[in-house]
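Chain and residue survey
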Amino acid sequence: MNPQTATKPKLEALAGKYLTFFLGEEEYGIEILKVQEIIGLLKITPVPNTPKHMRGVINLRGKVIPVVDIRERFGMSAVEATKQTCIIVVRSGEAEIGTVVDRVSAVVSIKAGEIEETPPMGARVDTSCLLGIGKTEGRVRLLLDIERVLADVGEAASSPTAIQA
Amino acid sequence: MQNGPPDTVVRLFAIAERLRNDPKGSAPALEDARFLDELRAQAGKPGNPLETLLQLCSRGAESLPTHPDAKLGDTLTRAIGYVAKFIDKDGACGTRVLEQASERLLDILGVGVSAAAPPSASAAAPVSTGSANATLDDAASLLLMISAADKDQIARLSIMLDGLAQDSSDAEQRECLREAAQQSRLAIGSDAIRAQELLDRAGQLLECAANSLRDQREANAAAKVAAQAQVPAAPAKPAAPAKPAALAKPAAPAPAAAPAPSAQPAPSAPANSAPAPHKKPELGSQPAIEALPADADLELLGGFIVESRENLEGAESSLLSLETNPDDMESVNTVFRAFHTVKGSAAFLGLKCMSEFAHRAEGLLARMREREIRCVDHYAELALLSCDMLKTLLDATETALETKEIRAPDGVWDLSYLLEHPDEAQRHKRQSFQPPAEASAEEAIPFGEPEPPSAAAPAVAVSEREATPPEVKPAAEEKSAARGGQDAGVESTVRVRTDRLDRLINMVGELVIAQSMVAQDELIRSSTQHDLLKKVGRAGKIVRELQDLSLSLRMVPLKQTFTKMIRIVRDVARKSGKDAVLIAHGEDTEIDRNMVDELSDPLVHMVRNAVDHGIEPPEVRLAAGKPAHGTVNLRAYQSGGNVVVEMQDDGRGMSRDKLLKKAIEKGLVESDRGMSDAEVYNLIFAPGFSTADKVTDVSGRGVGMDVVRRNIEAIKGRVEITTELGRGTTFRIFLPLTLAITDGMLVKVGDERFIVPITSIRLSFRPTREQLSTVVGTGELVMLRGEPIAIARLHGLLGCGNAVSDPTQGLLVIVDAGHRPLALLVDALLGQHQVVAKTLGARVQRVPGISGGAILGDGSVGLILDPDGLAKLTLAGAMNPGREAQAFATAI
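What you are looking at is a predicted structure, and each value in this text was computed from that prediction instead of being measured.

Conventions used here
Residue positions within a chain follow its written sequence, with the count starting from 1. Here the convention is simple: chains get letters from A, ligands get numbers from 1, in the order in which they are written. Two thresholds apply to this predicted model, a pLDDT of at least 70 for residue-level local features and 80 or more for giving and counting side-chain atom pairs, whereas whole-chain, interface and lining totals are computed over all residues. Derived side-chain values reflect all non-hydrogen atoms in the structure, with water molecules and hydrogen atoms excluded from consideration. Segments assigned H or I by DSSP are reported as helices when at least four residues long, segments assigned E as strands when at least two residues long, and all are numbered from the N terminus. We call a residue buried when its accessible area falls under 20% of the maximum for its residue type, exposed when it is over 50%, and partly exposed in between, using a 1.4 Å probe and counting protein chains only. Residue contacts follow a heavy-atom distance rule, with two residues in contact if any of their heavy atoms lie within 4.5 Å. Strands pair, by our definition, only if DSSP identifies at least two bridges between them. The convention used is that axes are lines fitted to C-alpha atoms, helices contributing only their stretch in contact, and that angles between N-to-C directions extend from 0 to 180 degrees. The salt bridge definition used is simple: a Lys or Arg side-chain nitrogen within 4 Å of an Asp or Glu carboxyl oxygen. Buried Ala, Val, Leu, Ile, Met, Phe, Trp, Tyr and Cys residues form a nonpolar core when they are joined through side-chain atoms within 4.5 Å. Expected helix span is taken as 1.5 Å per residue step, with the number of steps being one fewer than the number of residues. Here the arc refers to the set of directions running from the helix axis out to each C-beta atom. In this scheme, roughly parallel covers angles under 35 degrees and roughly antiparallel covers those over 145, while 65 to 115 is roughly perpendicular and the rest are oblique. If you view the pair so one helix is near and one far, a crossing is left-handed when the near helix is turned anticlockwise from the far one by less than a right angle, and right-handed when it is turned clockwise. Residues were grouped as follows: Ala, Val, Leu, Ile, Met, Phe, Trp, Tyr, Cys and Pro as nonpolar; Asp, Glu, Lys and Arg as charged; and all remaining residues, including Gly, as polar. Here the aromatic set is Phe, Tyr and Trp, taking the six-membered ring for Trp, and pairing holds for ring centres within 6.5 Å; pairs whose planes are under 30 degrees apart are stacked, those over 60 apart are edge-to-face, and all others are tilted. Ring-over charges, as used throughout, are those where CZ of Arg or NZ of Lys falls within 6 Å of the ring centre and within 35 degrees of the ring normal. Known as pLDDT, the predictor's per-residue confidence is scaled from 0 to 100. Put simply, buried area is how much 1.4 Å-probe accessible surface two parts lose in total, over both of them, once they are put together. Any pair of N or O atoms that falls within 3.5 Å is considered a polar contact. Within protein, one atom must be able to donate a hydrogen and the other to accept it, and sequence-neighbouring residues count only if both atoms are side-chain atoms.

1. A few points about the overall build of chain A
- Tallying secondary structure elements over chain A gives two helices and eleven strands in all.
- For chain A, the N- to C-terminal ordering of α and β elements is β-β-β-β-β-α-β-β-β-β-β-β-α.
- Classification of the 165 residues of chain A by burial places 49% in the buried group.
- Put simply, 59% of the contacts in chain A that link residues at least 6 apart link residues at least 24 apart.

What follows is the structure, given as structure tokens:
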């Protein structure tokens with residue numbers, strides 16, 4: 001993973017609405033403005049010679065868009081798809097990218113005061129993709145820097161090391 | 001009333017244009033008269049200058065058909081031009097010009113049309129509104145009317161200007177007037193062309209003076225009266241170096257309110273009659289930067305740029321055809337019209353530099369049209385150069401859309417000077433040329449004169465582009481005529497934004513998929529409802545037709561690109577002292593619009609190389625027993641699923657040995673062992689090879705050839721070279737018919753399906769065990785008709801499970817990968833499909849071995865294989881032996 005270099009936006013600037021979803025028991029949030037739509041899981045065509053977290057590509061109404069497996073991206077164990085498994089389509093600039101999540105939860109408003117910086121978790125936990133931690137309704141939600149999560153789809157895909165034997 | 005909608009302005013220009021071209025057309029003239037009358041009704045209270053002028057115009061238009069009179073037509077045209085300008089500028093240019101136009105028109109109408117009603121009081125009024133300004137105006141109108149050859153009138157003008165200068169109370173204005181007088185005095189002693197130029201300059205200075213006067217007048221109305229009182233004294237002051245003989249005569253006619261036009265409209269005077277004649281030529285001042293008019297409509301300008309480019313393309317191809325057939329008046333007319341249109345539109349948009357330049361260029365063409373000169377030698381060269389310059393000016397204008405400043409390109413003034421004095425150009429450039437006898441330098445250039453409707457200039461007024469923005473309507477009409485010369489049928493076209501077109505095509509693509517999903521639905525397929533099946537089938541048919549149609553929307557003929565090449569060959573040949581022509585074949589072959597743009601650059605490069613390096617100098621050619629002039633054949637044709645663009649020269653060809661030597665020197669290859677000819681020739685595409693020092697004696701085709709190949713590969717094309725030493729070289733560019741659609745073979749590899757582009761498939765077969773062998777235990781080969789072909793195990797390369805791993809149980813698909821064949825091991829062929837190739841999303845960059853994705857009939861995504869990439873993958877795999885190879889070895 002890339003070392004965290006970019007300065008994170010100020011915590012106050014993070015306040016706003018988030019779409020939250022679950023990966024296992026953990027609840028994550030994506031800035032709602034970045035979310036284009038949520039679609040049910042459909043057939044994902046795997047693309048060879050790409051990083052493992054690149055699940056493949058799907059047909060989004062005639063457009064081919066890549067789908068990232070966030071679990072794989074964070075090194076979490078894979079799970080069977082359920083009825084609740086779905087794809088969140090994120091728009092980042094011109095690109096649309098899908099992310100597979102276990103279950104979409106809700107849209108919540110998180111105020112500035114409820115956001116805290118991600119505490120250092122040691123070298124083994126990659127927190128570079130986290131903007132901060134939101135605490136509302138007594139729950140902890142990990143706010144994702146979705147751009148960063150998805151940024152290395154292309155880069156990794158094009159790097160020669162990604163070629164599988 | 002002054003907020004006339006732009007349509008009005010456009011209509012007015014259209015009327016002016018038509019009156020100029022066809023003063024005798026009676027039915028439209030009456031209609032125009034009605035239109036003008038209606039406009040007059042909206043023009044506010046009777047007696048205001050606009051209303052007056054419109055009334056006169058309307059009368060003039062009415063009487064024109066019955067009393068055809070070139071002078072009237074001309075004056076009317078100008079008057080309408082003024083009105084249009086006035087309305088367009090919302091009165092900003094002042095009523096002065098209107099009053100003056102009224103005067104002139106009234107004068108002619110009064111004399112020329114006996115049946116006309118006597119001028120109304122309001123119409124006569126402007127005559128008496130003269131002030132100090134009126135004298136300036138007199139000078140200005142005198143200048144407009146003056147013939148460069150009429151020394152007496154010029155003398156009179158200079159005196160008038162001197163007088164005005166004397167009387168001027170404003171320092172700046174005085175300076176301008178003095179200078180103007182000086183210019184006109186110089187003009188007396190010069191030949192006609194030079195005189196015209198000097199007069200132009202004088203006119204410009206006069207305009208400066210008038211402007212400064214206007215400012216002044218606003219500041220101080222009293223000063224104006226004083227100036228007026230002094231004016232009559234003016235002519236008495238002798239202009240120092242002017243000829244006394246000339247002085248004596250014109251001393252009398254310079255009273256303040258003298259209606260100059262009445263005295264001066266010599267019918268023979270080939271005066272300026274551009275759509276906006278009050279704008280004086282600007283060339284003298286040579287501004288390097290021209291600000292975009294503050295009120296410029298950027299969208300309009302954009303349209304103008306596009307239109308004009310097309311016009312100039314047409315002009316250029318006509319000019320080139322004139323080179324071989326200089327007496328083809330239709331082509332001359334085409335070029336003339338193109339220049340004229342550019343000029344008109346540029347003037348309309350307030351692009352001074354461009355309109356002036358186009359005006360000069362048009363002047364040259366007008367002389368050709370009058371058969372005064374022929375479009376040969378330096379005249380042709382000049383015309384072509386002007387065409388280029390106009391294009392450069394267009395580029396500058398395009399840049400100005402953002403910067404708001406038009407940077408006049410280098411040499412524009414020099415060139416425009418040469419346009420006025422083409423024979424000087426000839427003197428500078430070529431010594432041997434004999435000017436045609438009829439090219440009389442004594443005559444002023446009759447530019448912009450009302451065109452007599454003659455057989456040589458048929459007024460074609462079919463609107464080719466109905467959807468052209470109305471602002472450039474006259475231009476559209478001109479263009480259709482310009483095109484009409486070459487294309488028998490007049491096509492009507494609509495300009496559409498590319499992004500909309502792309503979206504439409506995408507949507508149609510989606511529709512096709514959606515439809516096929518319906519058609520292939522299990523419920524439908526197993527349905528016993530024959531009616532429903534019929535309906536679905538019918539919908540499918542329509543959708544497919546729609547798809548074909550939508551894809552053809554993007555297709556354009558290669559003609560334009562090829563025309564450009566003709567020009568390049570011509571220029572390069574001249575520059576390098578060679579004799580070469582380019583012959584284009586199949587220029588109607590259509591390819592995707594995006595590809596046209598991408599193809600253009602590499603082609604330019606290759607054509608240039610072919611002439612510069614491929615074609616030998618005439619002496620060498622003759623010595624080699626070839627005709628002195630080299631030929632470059634440019635062909636385009638469809639072959640299979642490709643469009644082939646072939647460039648063939650009959651030059652010296654390339655030598656395998658020398659190429660190899662160079663390549664080894666450069667460290668590109670170690671030796672030529674095992675290299676086929678094609679591979680050796682392909683070395684010229686290697687980066688680095690291009691930067692080699694002069695290889696001209698061998699081939700020379702090096703400069704930037706790697707870029708050529710890259711560009712072509714970017715549009716999924718490939719290049720092939722065949723060459724024969726001493727006989728010439730042929731480059732073949734194979735391009736897909738369109739970027740959007742790929743004919744693909746769906747293949748099954750384990751659980752996955754992939755699409756192999758049909759164009760790269762040679763054949764497929766199931767090998768026998770005897771055909772298979774391994775190389776040093778790892779590389780796998782199949783022998784096909786004596787040719788060893790490397791095997792790429794798709795399931796291994798692409799990581800698919802449950803695949804057939806024994807080639808004798810599966811199929812080998814032989815594809816062209818680069819310039820070597822490659823055998824892909826697949827489970828089975830599933831069938832041929834037309835697919836719309838798409839990228840794998842904006843963020844996913846190149847995936848090795850995969851060129852893109854396509855939506856399959858069931859709605860899922862199929863990946864399109866890239867044989868070149870697979871070949872590289874195979875190579876990489878062979879370098880570190882994978883388990884497949886071992887498995888293969890054990891299988892054997």
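That covers the picture; the talk isn't over yet.
2. Focus: the sheet that holds strand β4 (residues 54–60) of chain A
All names here are of chain A.
- What the five strands build is an open sheet, ordered β3-β6-β7-β5-β4; its pairing is mixed. Each edge of the open sheet carries a strand with a single partner, namely β3 (35–40) and β4. Recorded for the sheet is a direction-independent mean angle of 30° between the axes of neighbouring strands.

3. So, the pattern of salt bridges
- Inspection of every chain in the model, using the stated rule, returns 35 salt bridges over all chains.
- Notably, a salt bridge pairs R139(A) with E27(A), separated by 3.1 Å at the nearest N-O pair. Placement of R139(A) in strand β11 (residues 139–144) and of E27(A) in strand β2 (residues 26–31) is noted, with a sequence separation of 112 residues between them.
- Notably, a salt bridge pairs R567(B) with D388(B), separated by 2.6 Å at the nearest N-O pair. Of this pair, R567(B) sits in helix α24 (residues 559–575) while D388(B) sits in helix α17 (residues 377–403); the two residues are 179 residues apart in sequence, bridging distant segments of the chain.
- Using a relative accessible area of 6% as the deciding quantity, one classes R567(B) as buried.

4. Some thoughts on the environment of S676(B)
- Looking at where S676(B) falls in the secondary structure, it is placed in the loop between α27 (656–665) and α28 (677–682).
- Spatially, the C-alpha atom of S676(B) lies 10.0 Å from that of R656(B), the residues being 20 residues apart in sequence.

5. Re the sheet that holds β11(A)
Residues and elements named next belong to chain A.
- In space, the six strands of this open sheet follow the order β8-β1-β2-β11-β10-β9, with mixed pairing throughout. With one partner strand each, in any of the chains shown, β8 (103–110) and β9 (115–116) form the two edges of the open sheet.
- In terms of strand pairing, strand β10 (residues 130–136) meets β11 through six bridges, oriented antiparallel. Counted as the bridge partner of I133 is L142 from β11.

6. Focus: the nonpolar core
Residues and elements named next belong to chain B.
- Counting 78 residues, the largest nonpolar core has L12, F304, F339, L351, M354, M368 and L390 as its most contacted members.
- Tallying contributions element by element places α17 first for this core, with twelve residues.
- Setting aside its immediate chain neighbours within four residues, F304 contacts V342, S345, A346, L349, L351, M354 and L394.
- Counting residues in hydrophobic clusters, the runner-up holds 46 residues, among them A573, M606, V645 and M705.

7. Here we look at helix α21 (residues 498–519) of chain B
Residue and element names in this part refer to chain B.
- Spanning 22 residues, α21 covers 31 Å between terminal C-alpha atoms, matching the ideal 32 Å at 1.5 Å per step.
- Every buried residue of α21 is listed here: L501, I505, V508, G509, V512, I513, Q515 and S516. Projected down its long axis, α21 shows its buried positions confined to an angular sector of 165°, all on one face. Away from its buried face by more than 90 degrees, α21 exposes R500, R503 and M507.

8. Some thoughts on the packing of helix α25 (residues 593–614) of chain B against helix α29 (residues 705–714) of chain B
All names here are of chain B.
- Relative to each other, α25 and α29 sit at 150°, their axes nearing to 9 Å. Taken together, the axis directions place α25 and α29 in an arrangement best described as roughly antiparallel. For the pair α25 and α29, the sense of crossing is left-handed. Taking contact as the criterion, the partners of E598, D601, P602, H605, M606 and N609 in α25 are, on α29, M705, V708, N711 and I712.
- Here the contact of α25 with α29 is built from residues that sort into five nonpolar, three polar and two charged.

9. Some words on the packing of aromatic side chains
- Under the defined criterion, the tally for this structure stands at two aromatic pairs over all chains.
- Plain terms: the ring middles of F21(A) and Y28(A) are 5.8 Å apart, the flat faces sit at 15° to each other, and that makes the pair stacked.
- Residue F21(A) is classed as buried on the basis of its relative accessible area, which comes to 0%.
- In this structure Y28(A) comes out as buried when scored by relative accessible area, which is 5%.
- Here the aromatic residues F21(A), Y28(A) and F74(A) are joined through ring pairs into a cluster of three or more.
- Cation over ring: R718(B) sits above F734(B), and NZ or CZ is 4.3 Å from the ring centre.

10. A closer look at the side chain of T563(B)
All names here are of chain B.
- Topologically, T563 is positioned in helix α24.
- The class of T563 is buried, set by a relative accessible area of 12%.
- Leave out the neighbours within four places in its chain, and T563 touches S317 and L320.

11. Considering the confidence of the model for chain A
Residues and elements named next belong to chain A.
- On average, chain A scores 80 in pLDDT, and the residues at 70 or more come to 84%.
- Across chain A, the element-wise mean pLDDT spans from 63 in helix α2 (residues 146–158) up to 92 in β3.
- Predicted confidence for residues 1–8 stays below pLDDT 50, and this span has 16 contacts to residues more than four positions away or in other chains.
- For residues 155–165, every residue scores under 50 in pLDDT, and the model assigns this stretch 24 contacts once sequence neighbours within four places are set aside.

12. What to know about the interface of chain A and chain B
- Taken together, the contacts link 29 residues of chain A with 26 residues of chain B.
- Here chain A packs against chain B, burying approximately 2200 Å² in sum over the two surfaces, 62% of which is carbon and sulfur.
- In terms of surface lost to chain B, no three residues of chain A exceed P48(A), N59(A) and V64(A), which account for 23% of the buried area on that side.
- On inspection of chain A and its partner chain B, the count reaches zero salt bridges.
- The tally of links between chain A and chain B comes to two residue pairs in polar contact (both at pLDDT 80 or more).

13. As for α29(B)
Residues and elements named next belong to chain B.
- When we look at burial in α29, the residues that qualify are M705, D706, V708 and I712. Down the axis of α29, the buried side of the element spans an arc of 155°, and every buried residue falls inside it. Among the exposed residues of α29, those pointing more than 90 degrees away from its buried face are R710 and A714.
- Among the structural elements, α25, β8 (718–724) and β9 (728–736) are those in contact with the buried residues of α29.
- A positive backbone phi angle near 60° is found at K716, which sits one or two residues after α29.

14. Description of unusual backbone geometry
- With a phi angle near 60°, N49(A) is a residue other than glycine that sits in the positive phi range.
- Structurally, the position occupied by N49(A) is in the loop between β3 and β4.
- Unusually for a residue other than glycine, N802(B) sits at a positive phi of about 55°.

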